[in-house]
Amino acid sequence: MQFLLRPRSTALSFVGRFSDVKKCRIKRRSQGCTAPGTRIRHRWIKTVGEPAICPTARQFCSSAEKQDVDMSKFPVDRIRNFSIIAHIDHGKSTLADRLLEMTGAIAKTERNKQVLDKLQVERERGITVKAQTASLFYQHRGQTYLLNLIDTPGHVDFSYEVSRSLSACQGVLLIVDANQGIQAQTVANFYLAFEAQLTIIPVINKIDLKNADPDRVEKQIEKIFDIPKEECVRISAKFGTNVDQVLQEVVKRIPPPTAKVEEPFKALLFDSTFDHYRGVVANIALFGGYVTKGDRIVSAHLGKMYEVNELGVLRPDEQPTERLYAGQVGYVIAGMKDVKDAQIGDTLYLHKHPVEPLPGFSPAKSMVFAGMYPTDQSEYTALRRAVEKLALNDSSVTVQRDNSLALGAGWRLGFLGLLHMEVFIQRLEQEYNATVIITAPTVPYKAVLASPKLIKEYREEVVTIINPAQFPEKSQVVEYQEPMVMGTIIAPDEFTGKIMSLCLLCNRHDAGYQLAELIKIEFLLNGKPVEELTTVVHKDRAYSTGKAMCERLKESIPRQMFEIAVQAAIGSKVIARETIKAYRKNVLAKCYGGDITRKMKLLKKQAEGKKRMRLIGNVEVPKDAFMNVLKRK
Ligand SMILES: Nc1nc2c(ncn2[C@@H]2O[C@H](COP(=O)(O)OP(=O)(O)OP(=O)(O)O)[C@@H](O)[C@H]2O)c(=O)[nH]1
């Protein structure tokens, strides 16, 4: 790993192997933007709209009032579109709950916790993986404001969701934990918002904590982001302390959208979900004009025409309206049945008024690839549909068809990181009842080919390999290359030494490829290679990886009626071995007496379990064994 010290030593940059990085994230910086760690010299927060308001003059909409709000009465200057961004667990979803409660969008009950985290996987893991939109009506000085709030995920793997959400906003609430202070994703998200030229309101959360030190965090914010400490809002999202001030600051400081209703309809499709009954529900931000139910709209990228069947706002549940106007954020359902119809970043316009498309987004770059196969090939078609639908909800997943001799037809999927991969598979299992086998995750390596035969086959000299089983032999290549990342750590001088070990966990961006000594390791069960476990590692890690994987295989494969040899091999050379002793599992062992139905039940359960097994030679390997072995600790 290389380290580069930046001027004044406020930031430490490093270049490291991508495969070392545990939480993967790729970040592209637009040219000419401020480099991480350098101080921003100019003031960039503007105060717009009215001067400071008297808190007593503020009122909130009641739940009853909100139903009657006529969207057509919303002049653009009373709309505020903003996102909540932060490092993981700094309290975005908790603050979103409070904002929803205070504006009457949801009732204030114990049950209403992390309302915007709708997915089962989000509730189980306590993390946000999908950005969610909610339109809030907020009364201030006798006027109703429409606040469109987008709650975003904090984990580095889902930062693509954050950058997409920001394209629909003019401002952000940058939440910082009063105890932890500024963390890697705080800096990364700050730069996303800064580069998008959004107004940034720093919010110091969790001031109720015993170890909270808001003064220190304010100083950090001032030093690193150049935001005067007077502009920070101190809150406790958990207890609602000062949360009303956040709403006031949103109205005061975030500018309204510049969109004009008089212009032709132009909307950015910034997110979408798939509804089994109604098809694609597209989240749109209107950059001009208005759209009405029944209008015929065109998607600029695909040139396809649709009729708007339903549109409305998200409160946070869908609330249909007759029209959506310039500056608003809402949803449309327009008979998009095919998942490929709703391209994230596409521009929608009226059939009769074509417009210049909006810039859209550059596609997310997958950095972790894995093969996925149905446990039972008869489930292939159902799984294909599930993958397509889930990929629509998560456009940062790349899907390529793949075929394995042993596992049959499947896909090679690309993810932004390992958590992203785990969440995708958990969602497939929970939302689509799918059971799948996942192969070893790998980063995209490059090989400079030497063999003319291979060059002819690939039709290029430098190939990117996303499947270790297709990794060319050393004799066929000039060199291997591996992806590198550029990471940034911002810290005071005195900590430079200590933070070296933390480098693997920090924010990073693409730093190209470098020459690498790579080796392919194969794993064999009783002499039969398990293709899906084939892995490519750095030469110096070959033995430790081979040994660790053999040990994990031994732990994960249940004993069978014969002895199983677990081996790791480089070419024909075995580098590690473990033995699984013979054993016979008699499921009826504890079932005394003659109750035949009980015995049949146990045998049926065993047969179902076997379905989830994969037969390698004569060795049965449960699906979970693959996951256990492939999980990096
Ligand atoms: N004491 C205290 N705890 C808080 C406060 N705000 C949030 N928390 C807790 O912090 C944890 C994380 O809160 P979330 O709202 O899920 O954080 P998040 O930023 O949305 O998390 P991700 O979406 O996963 O990035 C939860 O256990 C909250 O109860 C606060 O003001 N005070």
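Quick notes on the rules
- Residues numbered from 1 in each chain as written.
- Predicted model: local features only at pLDDT ≥ 70, side-chain atom pairs only at ≥ 80, totals over all residues.
- Helix = DSSP H or I, 4+ residues; strand = E, 2+ residues; numbered from the N terminus.
- Contact = placed C-beta atoms within 7 Å.
- Core = buried A, V, L, I, M, F, W, Y, C linked by C-beta atoms within 7 Å.
- Buried ≥ 20, exposed ≤ 12 C-beta atoms within 10 Å, placed from the backbone.
- Pairing = 2+ DSSP bridges.
- Axes fitted to C-alpha atoms, helices over the stretch in contact; angles between N-to-C directions.
- pLDDT = per-residue confidence, 0-100.
- Parallel < 35°, antiparallel > 145°, perpendicular 65-115°, else oblique.
- Nonpolar A, V, L, I, M, F, W, Y, C, P; charged D, E, K, R; others polar.

(A) The overall build of the protein chain, seen in detail. In terms of helices and strands, the protein chain carries 13 helices and 34 strands. Restricting to contacts in the protein chain with at least 6 residues of sequence separation, those with at least 24 account for 71%.

(B) View of the nonpolar core. Grouped together as the largest cluster of nonpolar side chains are 95 residues, with contacts concentrated most on Val172, Leu174, Ala267 and Ile284. Counting residues in each nonpolar core, the second largest holds 60 residues, with Leu418, Val423, Ile466 and Ile519 among its members.

(C) Highlighting the sheet that holds strand β21 (residues 398-404). Spatially, four strands are ordered β21-β22-β20-β23 in an open sheet, and the strand pairing comes out antiparallel. On the outer flanks of this sheet lie β21 and β23 (436-438), each paired with one strand and no other. In this sheet, adjacent strand axes meet at a mean angle of 30 degrees when their direction is disregarded. Here β21 runs beside strand β22 (residues 408-415); their pairing, made up of seven bridges, is antiparallel. Looking across to β22, one finds that serine 404 is bridged to glycine 408.

(D) The sheet that holds strand β15 (residues 310-314), seen in detail. Pairing in this open sheet of eight strands is antiparallel, and the strands run β14-β13-β19-β10-β11-β18-β15-β16 from one edge to the other. Taken across any chain shown, the strands that pair with only one partner, and hence form the sheet edges, are β14 (304-307) and β16 (318-320). Averaged over neighbouring strand pairs, the angle between their axes works out to 40 degrees when direction is ignored. With three bridges joining them, strand β10 (residues 266-275) and strand β19 (residues 347-350) adopt antiparallel strand pairing.

(E) Up close: the confidence of the model for the protein chain. Averaged over every residue, the pLDDT of the protein chain is 76; the share at 70 or more is 72%. Within the model, the stretch residues 1-12 combines pLDDT values under 50 with 26 contacts to residues more than four positions away or in other chains. Within the model, pLDDT remains below 50 along residues 21-68, and this stretch shows 89 contacts once partners closer than five positions in the same chain are excluded. Scoring of the predicted complex yields 0.67 for pTM and 0.98 for ipTM.

(F) Structural view of the packing of helix α2 (residues 92-102) against helix α7 (residues 243-253). Where α2 meets α7, the axes come as close as 10 Å, and the angle between the chain directions of the two elements is 80 degrees. Our classification of the angle between α2 and α7 gives roughly perpendicular. Residues Leu95, Arg98, Leu99 and Met102 of α2 form the contact with α7, whose own contacting residues are Val243, Asp244 and Leu247. For the contact of α2 with α7, the class distribution of residues is five nonpolar, no polar and two charged.

(G) Examining unusual backbone geometry more closely. Even without glycine at this site, arginine 141 takes up a positive phi of about 50 degrees. Its 12 C-beta neighbours within 10 Å are what place arginine 141 among the exposed residues. One non-glycine residue with positive phi stands out, namely asparagine 433, at about 60 degrees. Tracing the backbone through its elements, the reader meets asparagine 433 in the loop between α9 (418-432) and β23. We classify asparagine 433 as exposed; it has 10 C-beta atoms within 10 Å.

(H) How the structure looks around the environment of tyrosine 432. In this structure, tyrosine 432 sits in helix α9. Each C-alpha atom of the pair tyrosine 432 and lysine 389 lies 9.7 Å from the other, and the pair is 43 residues apart in sequence.

(I) Looking closely at α2. For α2, the tally of buried residues reaches nine of eleven residues, placing the bulk of the element in the interior. Residues of α2 that are buried include every one of Lys92, Ser93, Thr94, Leu95, Ala96, Asp97, Arg98, Leu99 and Leu100, and no others. Summarising the contacts, the buried residues of α2 are in contact with β4 (79-86), β5 (132-140), β6 (143-151), β7 (171-177), β8 (199-205) and α7. Positive phi shows up at glycine 104, right after α2, with a value of about 75 degrees.

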